[in-house]
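Fold and geometry: a report
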Amino acid sequence: MTFALELNDVRKSFGKSEIIRGANLQVKEGERIAIIGPNGAGKSTLFNLVSGRFPLTSGDILLKGESISALRPFEINRRGLSRSFQITNIFHRLSVYENLRCAVLWSLGYKYSFWHRLNGLKDVQEHAEAVLEQIGLKRRRQTVAGLLTYAEQRALEIGITIAGGANVILLDEPTAGMSRSESDAAVELIRKVTVGKTLLMVEHDMSVVFGLADRIGVLVYGEMIACDTPVNIRANKKVQEAYLGGHAPAEA
Amino acid sequence: MKFEPINLGRWLVWGLFALLLIVAPLIFTQGASVSLLSQMATLMIFGLSYNMLLGQGGMLSFGHAAYSGLGAFVAIHAMNMASNGQLAVQVTLIPLVGGIAGMFFGVLFGYVTTKKSGTTFAMITLGIVELVFACSLMFPGFFGGEGGVTTNRVIGEPFLGITYGPQIQVYYLIAFWLFISAVGMFAFTQTPLGRMANAVRDNPERAEFIGFNTQWVRYLTLVLSAFFAGISGGLAAINFEIVSAENVSMVRSGAVLLFTFIGGIGFFFGPMIGAVVGVFLTVMLSSYTKAWQLYLGVFFILIVMFAPGGIASLIMLNLRVIKFGRFGRVWPKLWVTCAMALVALVGVVMMIEMLYHVTLNAASGPMKELLGFAVDTTAPTGWLIALVLLAAGAFGFWRTKSAFQKAWSEVNVEIEDMIRRAEA
């Protein structure tokens with residue numbers, strides 16, 4: 001069978017130091033996978049490799065069976081993979097609504113059009129409205145994105161990521177820096193917007209991880225040491241060792 | 001407000017703009033005013049096209065005159081060919097020739113410049129304009145060498161009595177193209193590409209992750225911008241009947257950056273204000289004083305430091321205060337502060353003018369006419385008066401400034417609060 005996303009012996013070196021040392025992962029369609037691991041394990045780097053932000057040193061990444069390891073970010077996005085960022089990455093001078101409109105433009109086929117009138121595009125409006133509703137920012141529609149609260153910006157970050165209708169979603173620490181209640185709301189949001197989609201997320205908050213993930217991948221020093229169901233991961237000796245055995249500082 | 005089927009306010013604004021263009025020469029009837037209005041309108045197109053790059057696309061270009069200037073050269077050659085009978089083109093359509101030429105060079109140079117953004121982009125544009133300027137002196141056949149290329153805009157049979165001989169007819173031709181170009185460039189801001197130009201300006205990285213090749217967004221924006229720059233070049237060729245190396249120079253490129261920024265890059269109409277100010281400063285002020293470039297420079301620095309949004313943002317911020325009915329509380333403090341600044345300004349201007357007279361015009365005697373008085377620039381009286389004015393104004397400004405700032409920030413905090421409550 002073809003996997004939604006497949007990593008085959010992915011390696012990445014910066015200079016002499018090898019950050020990702022042969023990561024393997026197979027994600028089935030519709031599956032939700034959380035990647036956990038100590039600080040500096042290479043989780044964000046892995047996301048940057050998958051989304052095309054950095055080129056691979058060796059190995060291969062397949063999206064729906066096709067290699068994407070030589071493609072640029074926008075080409076990967078056009079093939080149906082979309083990502084969010086750990087540090088909020090939005091169009092800060094545009095309004096919330098405009099942020100979402102930009103995010104749906106390519107997938108609806110308007111591309112670089114300068115012959116369509118943006119306000120006349122009903123499908124763009126409807127898609128942007130629907131996402132606005134989903135992420136609960138309807139009342140903030142005209143607010144400039146840079147002036148939103150932190151939690152609102154995180155919600156918009158997720159909104160931009162899913163707006164284009166990609167099937168494979170990568171979320172990089174979506175609840176980082178949130179309070180308990182904010183992060184509960186974020187989990188609900190993520191659950192809602194990724195229905196029927198393949199989800200890969202980096203997360204530190206264990207309650208979020210165990211609440212959302214079908215499987216958990218554990219990345220330690222650039223290697224995927226285990227990828228299994230939450231119950232099995234809890235019982236996994238290697239994982240316990242990595243987290244508790246003093247090799248790396250544990251993280252909440 | 002975005003979902004109204006017909007935006008009445010917008011129709012009203014464009015209607016008023018058209019009306020203003022039509023009646024402007026009837027209001028300003030003094031000697032050279034039609035010529036000034038023509039220059040302003042040409043510069044408005046140039047500034048608006050420049051702002052497609054700087055304001056909307058976040059591309060700081062030091063070489064925009066390459067497009068308007070090359071457009072002007074092609075346009076003037078087209079006019080000369082038309083008068084020789086080699087080419088059948090109406091003068092009315094010459095700006096379009098300029099536009100297409102500008103666009104062609106946009107396609108050519110833009111491919112190189114827009115590969116990068118930010119500082120690298122700025123540097124490459126600087127290189128390109130220097131290159132074009134060097135070429136203009138290397139190929140006198142096309143560029144006319146030092147003297148430039150001249151033409152006569154009165155070509156062929158009059159069309160409905162229009163010969164484009166009188167300046168007023170040229171003005172209306174320019175006004176017509178200004179209106180069309182302004183509508184076109186405004187329409188651009190309302191298209192998917194126009195919006196993505198904003199997105200790429202704000203965050204090029206994220207734009208790549210929602211499916212857009214940022215290089216293409218910049219490139220297409222630049223090509224369209226070069227088209228409108230070329231139109232302004234074509235109009236300049238008709239207006240002045242001469243195009244020279246100066247048209248493709250760094251100086252011209254720097255000027256449009258200056259005026260666009262002074263007008264305000266954050267609002268669509270900002271560059272139009274910038275064009276009016278620009279023509280006033282370069283054409284009118286230069287006939288009164290030799291120090292006009294100094295005033296222009298100081299004015300630019302003041303805008304950059306204290307009103308980075310330009311004159312347009314100053315207007316819009318005050319309009320917002322008026323709209324929310326709070327202007328009464330700001331106004332008393334505002335005018336006192338402005339009056340104080342004005343007093344200081346008079347002192348500074350007196351000093352600069354006297355200094356210029358002493359250093360450059362000493363041969364014509366020590367007397368200099370200032371504000372209707374004959375002042376002896378070698379005697380201490382004039383200097384003393386200027387110094388007192390400056391000191392008094394500066395002291396007054398310093399004393400009244402904080403009261404104004406307090407009132408201003410209070411009012412704006414209240415307004416933002418009201419907006420937030422209206423949203424919630």
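This one's a predicted model, so the numbers in the text were calculated from it and none came from an experiment.

This next bit is on the overall build of chain B. Helix and strand counts for chain B stand at 16 helices and 4 strands. Taking 424 residues into account, the globule formula puts the C-alpha radius of gyration at 22 Å, and chain B, at 24 Å, falls close to it. Seen along its three principal axes, the alpha-carbon backbone of chain B occupies a region of about 70 × 65 × 45 Å. Within chain B, the fraction of its 424 residues that count as buried is 42%.

With that settled, the discussion passes to the overall build of chain A. When helices and strands are tallied, chain A shows 9 helices and 10 strands. What you see for chain A is a C-alpha radius of gyration of 18 Å, in line with the 18 Å of a compact globule of 252 residues. Overall, chain A is about 60 × 40 × 35 Å in size when its C-alpha atoms are taken along their principal axes. Counting all 252 residues of chain A, 43% fall into the buried class.

Attention now goes to the domain arrangement of chain B. Residues and elements named next belong to chain B. Each domain of chain B was delimited in the assignment, giving domain 1 (8–309) and domain 2 (324–423). Here the C-alpha centroids of domain 1 and domain 2 sit 33 Å apart. On the domain 2 side, the residues contacting the 4 residues of domain 1 number 4 residues. Counted by class, the side of domain 1 that touches domain 2 contains 2 nonpolar, 1 polar and 1 charged residues.

Another aspect to go through is the sheet that holds strand S3 (residues 32–36) of chain A. Residue and element names in this part refer to chain A. Spatial ordering of the open sheet is given by S6-S7-S8-S3-S9-S10, a layout of 6 strands whose pairing is mixed. Single-partner strands in this sheet number two, and they are strand S6 (81–83) and strand S10 (223–228). Going from strand to strand, the sheet's axes swing by 15° on average, the running direction of each strand aside. Relative to S10, strand S9 (residues 215–220) is paired through 5 bridges, and the arrangement is antiparallel. Bridge assignment links Val218 to a residue of S10, and that residue is Ala226.

Residue and element names in this part refer to chain B. Look at helix H5 (residues 118–138): 31 Å from first C-alpha to last across 21 residues, which is about the 30 Å you get at 1.5 Å a residue. Here H5 has its buried residues at Phe121, Thr125, Ile128, Val129, Val132, Phe133 and Ser136. Buried positions in H5, seen along its axis, are confined to an arc of 130° and lie on one side of it. In this structure, H5 carries Thr119, Thr120, Ala134, Leu137 and Met138 as exposed residues pointing more than 90 degrees from its buried face. Residues of H5 that are buried make contact with helix H3 (65–83), helix H4 (94–113), helix H6 (140–143) and helix H11 (250–263).

Take the pairing of strand S4 (residues 58–63) of chain A next. Residue and element names in this part refer to chain A. Both strand S1 (residues 5–14) and S4 contribute to a ladder of 5 bridges, which runs antiparallel. Within S4, the residue paired with Arg11 across the bridge is Ser58. Bridge count between S4 and strand S5 (residues 66–67): 2 bridges; the pairing is antiparallel. Looking across to S5, one finds that Leu62 is bridged to Ser67. In sequence, S4 turns back onto S5 through a hairpin of 2 residues, with Lys64 there showing a positive phi of about 50°.

Now for helix H6 (residues 180–193) of chain A. For the α-helix, the turn length of 3.6 residues means that residues three or four positions removed from each other point alike. Residue and element names in this part refer to chain A. Here H6 spans 20 Å end to end across 14 residues, near enough to the 20 Å set by a 1.5 Å rise per residue. Of the residues making up H6, those classed as buried are Ser183, Ala186, Val187, Leu189, Ile190 and Val193. For H6, the angular spread of the buried residues around the axis is 165°, confining them to a single face. H6 presents Arg180, Ser181, Glu188 and Lys192 as exposed residues on the side facing more than 90 degrees away from its buried surface. Next to the buried residues of H6 lie helix H4 (122–134), helix H5 (150–163), strand S7 (168–172) and helix H7 (206–212).

Attention now goes to the interface of chain B and chain A. How big an interface is tends to be stated in terms of the accessible area lost upon association of its parts. Each partner contributes to the interface: chain B provides 27 residues, whereas chain A provides 33 residues. Of all elements in the fold, only helix H8 (192–202), helix H9 (204–208) and helix H10 (214–240) of chain B reach the threshold of two or more residues within the side of chain B that touches chain A. Broken down by element, the side of chain B that touches chain A gets its largest block of residues, 8 residues, from H8 of chain B. Its residues assigned to classes, the side of chain B that touches chain A comprises 13 nonpolar, 7 polar and 7 charged.

Mapped onto the elements, Arg206 of chain B comes out in helix H9. Every residue in contact with Arg206 of chain B, bar those within four places of it in the chain, is listed here: Asn89, Ile90 and Phe91 of chain A.

All names here are of chain B. Relative to strand S4 (residues 373–376), strand S3 (residues 367–370) runs antiparallel, the two being bridged by 4 bridges. The residue of S4 that forms the bridge with Lys368 is Val375. Hairpin connection from S3 to S4: 2 residues lie between these consecutive antiparallel strands, with Leu371 at a positive phi of about 50°.

What follows concerns the sheet that holds S1 of chain A. Residues and elements named next belong to chain A. Spatial strand order, S2-S1-S4-S5: 4 strands in an open sheet with antiparallel pairing. Looking at strand neighbours, the two that pair on one side only are strand S2 (17–27) and S5, the edges of this open sheet. Of the strands in this sheet, S1, S2 and S4 touch helix H1 (residues 43–50), which is tilted by about 65° from S2.

Counting 174 residues, the largest nonpolar core has Leu100 of chain A together with Ala66, Ala75 and Met196 of chain B as the members making the most contacts within it. Among the elements that make up this core, the one with the highest residue count is H10 of chain B (16 residues). Contacts of Met196 of chain B, omitting those with residues within four sequence positions, involve Cys102 and Leu105 of chain A together with Ala207, Phe212 and Val217 of chain B. Membership of the second largest hydrophobic core comes to 9 residues, among which are Val343, Ala344, Met350 and Val375 of chain B.

Residue and element names in this part refer to chain B. Checked against the element boundaries, Gln293 lands in helix H13 (residues 292–306). Overall, the presence of 13 C-beta atoms within 10 Å leaves Gln293 in the partly exposed class. Sequence separation between Gln293 and Trp331 is 38 residues, and the spatial gap between their C-alpha atoms is 32 Å.

Calculation rules
Residues numbered from 1 in each chain as written. Chains lettered and ligands numbered in written order. Predicted model: local features only at pLDDT ≥ 70, side-chain atom pairs only at ≥ 80, totals over all residues. Helix = DSSP H or I, 4+ residues; strand = E, 2+ residues; numbered from the N terminus. Rg over C-alpha atoms; globule rule 2.2 N^0.38 Å. Buried ≥ 20, exposed ≤ 12 C-beta atoms within 10 Å, placed from the backbone. Domains from an automatic or database assignment. Contact = placed C-beta atoms within 7 Å. Nonpolar A, V, L, I, M, F, W, Y, C, P; charged D, E, K, R; others polar. Pairing = 2+ DSSP bridges. Axes fitted to C-alpha atoms, helices over the stretch in contact; angles between N-to-C directions. Expected span 1.5 Å × (residues − 1). Arc of directions from axis to C-beta. Core = buried A, V, L, I, M, F, W, Y, C linked by C-beta atoms within 7 Å.

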